[in-house]
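Observations on the three-dimensional arrangement
One letter stands for each residue in the lines below.
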Amino acid sequence: MSLSFGFSPWLLVLCLFGAAGLTYWAYRQTVPALPAGRRVLLGGLRFLALFVVLFLLFEPILRRFEARERPPVLAVLVDDSQSLGLVQEDEAGDPVNLATTVREALRRLPEDALDGTVRSFAFSDDVRPLPETPARFDSLRFEGARTNIAYALDYVREALKGENLRGVLLVSDGLYNTGRNPLYVAERFPVPVHTVVAGDTTARRDVQIRRITTNELAYVGTVLPVQVGVRVRDYPGERVTVSLMKDGAVLQSVPVTLPEGTAEVPVDLTYTPEAEGLHRLQVVVTRLPGELTYRNNAETVTVQVLKSRRRLLLLAGPPNPDLAALRQLLDGDENTEVVSFVQKAAGAFYEGTPPASFSDFDLILLAGYPGPGADTALLDRVAAAAEAGTPFLFLYHPRTDLRALQRHLGDVLPAVPQAVRTGTIEAVPLLTPEGERHPILDVPEVPASLLRRLPPLFCSESRWQASPDARVLARIEVRGVALNDPLLVVRQRGGSRSAALLGAGTWRWKNVPEDLEAVAPFWPAVFENLVQWVATREDDRRVRVRPAEDLFGGGEAVLLNGQVYDESLNPVDDAAVEVEVVTPDSTRLPYRMEAAGHGRYVLDLGSLPEGTYRYTARALREGTELGTDRGTFSVGALTLEYRETQANTALLRQIAERSGGNFFFPGDLGTLPERLSSSGLFTPVVIEETSETRLWQRYPFLILAILLLTAEWFLRKRSGMV
C-alpha cells in the first residue's frame, strides 16, 4: 500500500507549517480571554480542518497491491453424440456398449493427482457443463444428433476466459459432421489440446445408405429420378434389396449384389408423384446379420411436388434463327411445358388459333411478336393478361412491329419505343452496376469482363424509354462507346414481373465458335434465369410462416419463422400469432409464436417424432384477423452419426500435435498428470492486482472538514467569541 500526491509533498509540508502558524496567531490571544485548554482545543480543531482541506487539495491517491494465485484449469470435453452410444460385438461375439466403455475410461482419469482444477463439459452439436460431482460422467446421454468439435473448443475458450485455462482434454471418436474442421481451431488454440480416442478404432462390417440425390422440386405426373449410394464393407457376394418407400408403402425395389471389400454401389430409383405437396420419401436397404448398426440402413429425403409443370405461352413472329435457338433452350427444360404459336401470315399462326384465355399460363413469351400484320385483338388480350398479373417476357427482333407494340402493349412493357425507326445497329452488352448484382445475370462460369467477346446483337435504332419503376440491367456499347440505350430491362409491379431484351441475334450467342467457348454458357444460363425470375410471383401475403427446413433430422429442434404485415405491407410487431400443428396421427397441438421484432416471429417446437406434420398459422391484432398461412414439414431419422462408425484416430493425433498436446488411448489416461507436469505449462499463475483510491474524491473527507469547522464555530460561540 502506498500514498502519492498530485503535487510535491514538500509543498504540502510547507502549507501545513503555514496553517499551523495561522492557527497559532489566531488563538495566541483571544477576546474575551480564554483558558489555555480552550484555546488549544479551538486551535486544534482549526488546524485539523485546514489539514484536511490542504490534504485534499494536493489530490492524494491511495494505491493497494494484492497478489493472488490461480490454480491451473483442465477442461474435459466429452463427446456426447450418438456415435458413441452404439452397441457392438467384440471378437467373441459378446455385446460391447461404447457408452459404458467411455464412462469407464473417464473414471480412470486421476483427478486427485492433478495439481489444478478440472472443469467438465459434454458436447455434440451444442455444449453443456457437467455438474462438479464425482458421478458427473454418469449424466452423459450419448443422444446428440451431430458432432461439432470446433464449436466445443471455441465454447470452452470463451467460457473459461477469466480462469487460468492451461489445457483441454478432448474425449471423442473424432467423427465431426458439423461445423469447421477442428484442425483449424487447434492450430490457433491458446493452450494444448490433449486428445483421447474413444469408440471403435477398427473397421466393422456394415451396410448403409450413404447418399440420396434427387430434385428438390417435382411435378405431378412427372417421373422423378432418385439416385442412391449404398456403402458396403466386408459383405462380398451378399444380395440386398434397396427400396423406395412413402408412408410405409414400397414404391420400388431393386436387388443389388454387394462387391468385395469396401465400396459404394450406385442404385437408380424413380418416383412419379400423384399429388402436390411436401412428399417424404424413405430409402431402405435390407439388413444383414452382423452389421455394426441398423440405424444407417434407412435415409429420408423430402421433395416439394408442384401441381404441374410451368406452362409457357410462346407467341412468335415469323420463323427466324433466334426462334429456332430459343425453342432448343425451351425443349431442354423439363420443368416447362411450352405451348407455341408462330406467326404464319397476318393474323394467322402455323399451329392454329391461340386460346381465348391465358389464365392457365404461368408466363407469356413474346419472341419477335407482334410481327407485320399481327392480330390487334390478340395483342389487346395479351395486354389485359399482363395487367391482370400474368408475367411476360419480350424479346426484340428486327421484324417486330414496334408501332403495334407501342400502341397495344406500351402500358405493360418495362421499356417502350419512343421514336420508332426501322434500322438496326450492332452492339454488345454493357452491364450496369445493378445488373452486376442481379440474379438474372449471375453466371459464375462467365465473368463480366468476357462479355465483350460475345458476338454483337442487332439493336433497333429506335429510342427506348424505360418505365419509371423498371430497372435497367444492361445497356449497349457500340464500337467501344457506351450509350445510354437500354438492352435488358426488368420490372416488378403489382405482384407480377416482366422483362424485355431489346436485342436480336442471340442464336449466335448459343452457337459460338470454338475460340469463344469461354462465353458459351452465358446465353443459356441468362435465358433460364430470365424465365425463372419473370415466372416467380411476388409474395404479397400479410402472414407468412415457414419452417427453417423442409426436413428436420431426428433429435433436431423444429423451428418455424414467421412474418406479419399490415395492409400497407408494413411490419407488425404486436400481433398474436397462433399456430396449430397436426401430427402424423392427427393430434392437434396449439402453440403461440414469440415476437422477434420488425414484424418477425419465431416458434421453437423442440424435437418431434419422425413423420410429416401440417400446420396452420393465424395472426390476430386487437381481436381482428390479419391473415392466415399453412404449410408442411417433415422430421426424419437423422443418421449423420452413423455414416462413419470407425474412430478417426488420425484426426485426433493431428489436433494434439498442432496444438502442442498429447494423444492418449483410454488405457493411458493414468499418465496424464505426469505428462502435464513434465510439459511445464500446467502451472498456477500469480495475478497481481493494483487498485487506486482517489481520496480527494471521497465525500467522508469533505464531511470531516465541515464537521471540524462546525465544531470550532460552535465552541467559539459558546465562549463568547465573535
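Throughout what follows, the structure given in this document is the object of discussion.

About the thresholds
Residues numbered from 1 in each chain as written. Predicted model: local features only at pLDDT ≥ 70, side-chain atom pairs only at ≥ 80, totals over all residues. Heavy atoms only, no water. Helix = DSSP H or I, 4+ residues; strand = E, 2+ residues; numbered from the N terminus. Buried < 20%, exposed > 50% of the residue type's maximum accessible area, 1.4 Å probe, protein only. Polar contact = N/O pair within 3.5 Å; in protein donor to acceptor, adjacent residues only side chain to side chain. Contact = heavy atoms within 4.5 Å. Axes fitted to C-alpha atoms, helices over the stretch in contact; angles between N-to-C directions. Parallel < 35°, antiparallel > 145°, perpendicular 65-115°, else oblique. Left-handed = near helix turned anticlockwise from the far one by under 90°. Nonpolar A, V, L, I, M, F, W, Y, C, P; charged D, E, K, R; others polar. Salt bridge = Lys/Arg side-chain N within 4 Å of Asp/Glu carboxyl O. Pairing = 2+ DSSP bridges. Phe/Tyr/Trp six-rings, centres within 6.5 Å; stacked < 30°, edge-to-face > 60°. Lys NZ or Arg CZ within 6 Å of the ring centre and 35° of its normal. Expected span 1.5 Å × (residues − 1).

Here we look at the side chain of Ser462
Mapped onto the elements, Ser462 comes out in the loop between strand 25 (457-460) and strand 26 (463-466). On the basis of relative accessibility, which here comes to 1%, the residue Ser462 falls in the buried class. Polar side-chain contacts of Ser462 include one of 2.7 Å to the backbone nitrogen of Arg421. Engagement of the side chain of Ser462 in a polar contact is seen with the side chain of Ser460, the distance being 2.9 Å. Ser462 has contacts with Leu402, Ala419, Val420, Arg421 and Asp485, leaving out every residue within four places of it along the chain.

Brief notes about the packing of helix 7 (residues 376-387) against helix 8 (residues 402-409)
Contact geometry of helix 7 with helix 8 gives a least axis separation of 9 Å together with a crossing angle of 45°. For the element pair helix 7 / helix 8, the angle class is oblique. Seen from above, helix 7 lies across helix 8 with right-handed handedness. Mapping the contact onto sequence places Thr376, Leu379, Asp380, Val382 and Ala383 in helix 7 and Ala404, His408 and Leu409 in helix 8. For the contact of helix 7 with helix 8, the per-class residue count stands at five nonpolar, two polar and one charged.

Overview of the pattern of salt bridges
Inspection of the entire model under this criterion finds 25 salt bridges. Across the salt bridge formed by Glu578 and Arg618, the nearest N and O atoms sit 3.7 Å from each other. With a gap of 40 residues between them, Glu578 in strand 33 (residues 576-582) and Arg618 in strand 37 (residues 611-621) connect regions that are remote in the sequence. Residue Glu578 is classed as partly exposed on the basis of its relative accessible area, which comes to 34%. A relative accessible area of 35% means that Arg618 is categorised as partly exposed. A salt bridge links Glu580 to Arg588, with the nearest nitrogen and oxygen atoms 2.9 Å apart. Judged by relative accessible area, which is 51%, Arg588 ranks as exposed.

Comments concerning the sheet that holds strand 39 (residues 663-664)
Strand order in this open sheet of six strands is 7-6-3-8-9-39, and the pairing throughout is mixed. The two strands at the open ends of the sheet, each matched to only one other strand, are strand 7 (127-129) and strand 39. Pairing geometry for strand 3 (residues 73-79) and strand 8 (residues 165-172), over six bridges, is parallel. In the sheet register, Leu74 faces strand 8, and the bridge partner there is Gly167.

Description of the packing of aromatic side chains
The final tally for this structure, using the stated rule, is twelve aromatic pairs. Between Trp509 and Trp523, the aromatic rings sit 6.0 Å apart at their centres with planes inclined by 70°, giving edge-to-face as the arrangement. Of this pair, Trp509 sits in helix 10 (residues 506-510) while Trp523 sits in helix 11 (residues 522-535), and the two are 14 residues apart along the sequence. Feature note: the residues Trp509, Phe522, Trp523 and Phe527 constitute an aromatic cluster, connected by ring pairs. Positioned above the aromatic ring of Tyr235, the side-chain terminus of Arg205 is 4.0 Å from the ring centre. Here Arg311 stacks its cationic end above the ring of Phe361, 4.7 Å away from the centre of that ring.

A few points about helix 11
With 14 residues, helix 11 ought to run about 20 Å at 1.5 Å a step, and its terminal C-alpha atoms sit 20 Å apart, in line with that. Taken together, the buried positions of helix 11 are occupied by Phe522, Trp523, Val526, Phe527, Leu530, Val531, Trp533, Val534 and Ala535.

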